[in-house]
Amino acid sequence: MTGVQTCALPISEIYLAAMRMFAEFPIIGLGQGGFFRQSADIGFSKSFMLSHWGGENAHNYFLQVLVENGVVGFLLFGLVVVSPFLFVGSKKGLVPAALGLLALFLGNLFAHSFLVRENLILAAVLIALMYSWVYAQIQVNGGVCYLRKWCSGYRLVLIAGLVTLFVVLGSLEIYRSFF
């Protein structure tokens, strides 16, 4: 069959453009809300389709958070979600809110439903419920927090080293972004 042209699926072109954009600023990202605007720049995203459309979201919330906020923002986002599990010994009270949050996250793998404010508010409420369970468990256990086992000795040095590395690399990335 001569003359038949095949093209990549639009979603794969969006993901490839997102990976190219992430490669430019991997530490601190493009900035919140920068994906839509920067994806329209054919010189930056290297995507004719996105340029023709005038920009588009990544159609994957987590990929978009990674591109817009870099590794630092993505890790902070993950830490907010995971840290309630690190703070308490009894995790059974976290399960209902965590399952609800997981369902919302699954809906964001091939969509960007957190742009709908009700979904974002629901996610914030579920995260708040997890933190309220943590607070209640710390009060019941007499102020005992299980995070202490994570913050001892060499782990603190490792954390301080990682923070310093991110600050240095982030500063270089900011300097490079002006050119």
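Everything quoted here is computed from the prediction, not taken from an experiment.

1. Structural notes on the pattern of salt bridges
Consideration 1: Inspection of every chain in the model, using the stated rule, returns one salt bridge.
Consideration 2: Note that glutamate 118 and arginine 117 form a salt bridge whose closest N and O atoms lie 3.6 Å from each other.

2. Examining the confidence of the model for the chain
Consideration 1: Across the chain, pLDDT averages 80, with 85% of residues at or above 70.
Consideration 2: Helix α6 (residues 95-106) holds the highest mean pLDDT among the elements of the chain, 92, whereas helix α8 (residues 154-177) holds the lowest, 76.
Consideration 3: This stretch, residues 1-9, has a pLDDT under 50; its non-local contacts, to residues over four places away or in other chains, come to zero contacts.

3. Structural notes on the packing of aromatic side chains
Consideration 1: In this structure the tally under the stated criterion is seven aromatic pairs.
Consideration 2: Between tyrosine 61 and phenylalanine 62 the ring centres are 5.9 Å apart and the planes differ by 80°, which places this aromatic pair in the edge-to-face class. Of the two residues, tyrosine 61 and phenylalanine 62, neither departs from the other in class, the shared state being buried.
Consideration 3: Taking 4.8 Å as the distance between ring centres and 80° as the angle between the ring planes, the aromatic pair formed by tyrosine 61 and phenylalanine 114 counts as edge-to-face. A residue pair is termed long-range when its members are at least 10 positions apart, and tyrosine 61 in helix α5 (residues 61-87) and phenylalanine 114 in the loop between α6 and α7 (117-140) qualify at 53 residues. The residues tyrosine 61 and phenylalanine 114 share a single accessibility class, namely buried.
Consideration 4: An aromatic cluster is built from Tyr61, Phe62, Phe77, Phe105 and Phe114, whose rings are joined through pairwise contacts.

4. Considering the packing of α5 against α7
Consideration 1: Between α5 and α7, the least distance of the axes is 9 Å, while the angle of their chain directions is 25°. It follows from the interaxial angle that α5 and α7 lie roughly parallel. Classified by chirality, the crossing of α7 by α5 is left-handed. Each of Leu79, Val80, Val81, Ser83, Pro84, Phe85 and Phe87 in α5 lies in contact with α7, whose residues at this interface are Ile127, Met130, Tyr131 and Val134.
Consideration 2: Of the residues assigned to the contact of α5 with α7, the class counts are ten nonpolar, one polar and no charged.

5. A word on α6
Consideration 1: Relative to the 16 Å expected for twelve residues at 1.5 Å per residue, α6 spans 16 Å between its end C-alpha atoms, a close match to the ideal helical length.
Consideration 2: Taken together, the buried positions of α6 are Ala97, Ala98, Leu101, Leu104 and Phe105. Summarising the axial view, the buried residues of α6 lie within an arc of 120°, below the 170-degree limit, and thus occupy one face. Exposed residues lying more than 90 degrees from the buried face of α6 are Pro96, Leu99 and Leu106.

6. Quick look at the environment of leucine 101
Consideration 1: Turning to its location among the elements, leucine 101 is positioned in helix α6.
Consideration 2: Of the residues examined, leucine 101 reaches a relative accessible area of 2% and is grouped as buried.
Consideration 3: Sequence separation between leucine 101 and leucine 126 is 25 residues; the distance between their C-alpha atoms is 6.4 Å.
Consideration 4: Filtering out sequence-adjacent residues up to four positions away, leucine 101 remains in contact with Val81, Ala123, Leu126, Ile127 and Met130.

What counts and what doesn't
Residues numbered from 1 in each chain as written. Predicted model: local features only at pLDDT ≥ 70, side-chain atom pairs only at ≥ 80, totals over all residues. Heavy atoms only, no water. Salt bridge = Lys/Arg side-chain N within 4 Å of Asp/Glu carboxyl O. pLDDT = per-residue confidence, 0-100. Helix = DSSP H or I, 4+ residues; strand = E, 2+ residues; numbered from the N terminus. Contact = heavy atoms within 4.5 Å. Phe/Tyr/Trp six-rings, centres within 6.5 Å; stacked < 30°, edge-to-face > 60°. Buried < 20%, exposed > 50% of the residue type's maximum accessible area, 1.4 Å probe, protein only. Axes fitted to C-alpha atoms, helices over the stretch in contact; angles between N-to-C directions. Parallel < 35°, antiparallel > 145°, perpendicular 65-115°, else oblique. Left-handed = near helix turned anticlockwise from the far one by under 90°. Nonpolar A, V, L, I, M, F, W, Y, C, P; charged D, E, K, R; others polar. Expected span 1.5 Å × (residues − 1). Arc of directions from axis to C-beta.

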